Amino acid sequence: MFHQSFQTISLLCFAIGASADLYSLVATIPWAPGTPSSTDQSAIYNGTYYLSDRTNKGVHVVSLANKTQIGFISGFVTGLTNGTLTPAISGPDGIVVLANRNEMYVGDGDGTIKVINLFTNAIVANISTGSKKRADEFAYNPSTQTVVVTNGNESPPLVNIINATSHTRIGNISFPGASGLEQPAFNPTDSQFYVSVPETDGAPGGAIQRMNVDKSSLSIARTLPVPGCAPAGIVFGPLNQVFIGCSSSQVATFGYSASYIMNVSTGAIIANISGITGSDQVTYSSKTGYYYASAYLNTVNHVPTPVLAVITTNGTIVQKITTDNVTAHAVSVDPLTGTVVVPIKAKGIMIYALGNATTTTSTAIATTSTKSTTSATGSSGAQINGIEYLFGIVVIAVSFAMLL
């Protein structure tokens, strides 16, 4: 009887924890030098947030501790076609931090890689990929100090291999059957590089392909087909898990929306996250144990519904944060605190912290579990009232249990 009462109380206590949002808005950083219409990837290192901004031809530098923009790294190329910014020949693009070298690599629109010294935030080297179109997205193996970068706008698409110690190109891998290339990722479990391919020979729904990056054997080593996805952003989580964000074309081409978690050792899909598509950058936090999908081109019943989805490693969605379908295809998580940062064109650079917190601005982005509000106090107050209500239920349950 006591055991039954304890189970009842435990379930009610769990309901209290589930009633509050996992993340709350704590700050909005205004755009400077101007509001962008085209951004790309982001990264967080040593408490600092970096965001590629093609419109303003530079990288935003934001202190998460001070919640202010502390710098802007310029010196990138923006290409225009008939007066319109063209992503294929514009930068900055993808970002990767080389923590053991205190460097950051940023792709540019002219096919070069800008190497940034993170002590000074200055460009200290330019690495040519041999392409005249953008150097796009990156992955890094810190043990061998090897960087891979996609040149997905080439025909055929290429992945270039870079020696980070000498800032030189080792060679490249060609993908002759591919429609393009998206995110590469390094798997620390098997020490191999993988890349997402929206469509390729033998895999019309797309594939995750493993690469040999040794200079003597540059090649595609293995192809893991993905069912009806057109994969874009990928990131490795625990063991051999890779989270796969699918492109917005998934709905029109295959008739449904989903993201996946795959075991790359077997190629098996181990989780299907229904209703989340149109993701670009995705990331994983070992601090929180969650995946984060920037589903900025997500749709529900053909209606644009951009969200940042927070997802467990078994594929359960624990929170959706409403974003936009312009700049919110970037997402980064602070590895030490679990803080999440997403850029919103109409708002600025939005910082979300774990748990309830007071925002430093009067604007907020609504989440699925709370009503939209223009006051952070109102949002947190509603959560507190809900918790007080459930706490009352728990007190009643405890009292009832004592009578049994």
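Structure's up top.
Residues numbered from 1 in each chain as written. Predicted model: local features only at pLDDT ≥ 70, side-chain atom pairs only at ≥ 80, totals over all residues. Heavy atoms only, no water.

**Some thoughts on unusual backbone geometry**
The omega angle of the peptide bond from Ala32 to Pro33 is 10°, so this bond is cis rather than trans. Following the sequence through the fold, Pro33 ends up in the loop between β1 (23–29) and β2 (39–45). Here the bond from Ser155 into Pro156 is cis, since omega is 0°, no more than 30 degrees from zero. Note that Pro156 resides in the loop between β13 (146–151) and β14 (158–163). Non-glycine residue Asn121 carries a positive phi angle of around 55°. By secondary structure assignment, the location of Asn121 is in the loop between β10 (112–117) and β11 (122–128). (Helix = DSSP H or I, 4+ residues; strand = E, 2+ residues; numbered from the N terminus.)

**Here's the deal with the pairing of strand β31 (residues 340–344)**
Counting buried positions over the five residues of β31 gives five, a clear majority of the element. With burial as the criterion, each face of β31 is covered, one bearing Val340, Val342 and Ile344 and the other bearing Val341 and Pro343. As judged from the two bridges shared by strand β30 (residues 332–333) and β31, these two strands associate in the antiparallel manner. Paired with Val333 across the strands is Val340, a residue of β31. In this antiparallel pair of consecutive strands, β30 and β31, the connection spans six residues, and Gly338 shows a positive phi of 80°. Sheet topology note: the β31/strand β32 (residues 348–354) ladder contains five bridges and is antiparallel. Its bridge partner being in β32, Ile344 is matched across the sheet by Gly348. Counted between consecutive antiparallel strands, the loop separating β31 from β32 contains three residues. (Buried < 20%, exposed > 50% of the residue type's maximum accessible area, 1.4 Å probe, protein only. Pairing = 2+ DSSP bridges.)

**What about the nonpolar core?**
Membership of the largest hydrophobic core comes to 16 residues, with the highest contact counts inside it found for Tyr23, Tyr292, Leu308, Val331, Val340, Val342 and Tyr352. Elements with a minimum of two residues in this core: β1, β25 (290–295), β28 (307–312), β31 and β32. Top contributing element to this core by residue count: β31, with three residues. Not counting chain neighbours up to four residues away, the residues in contact with Val331 comprise Ser42, Gln281, Val282, Thr283, Tyr292, Ser294, Leu308, Val340, Val341 and Val342. One finds Ala185, Ile208, Leu224 and Tyr260 within the second-largest nonpolar core, a separate group that totals 15 residues. (Core = buried A, V, L, I, M, F, W, Y, C linked by side-chain atoms within 4.5 Å. Contact = heavy atoms within 4.5 Å.)

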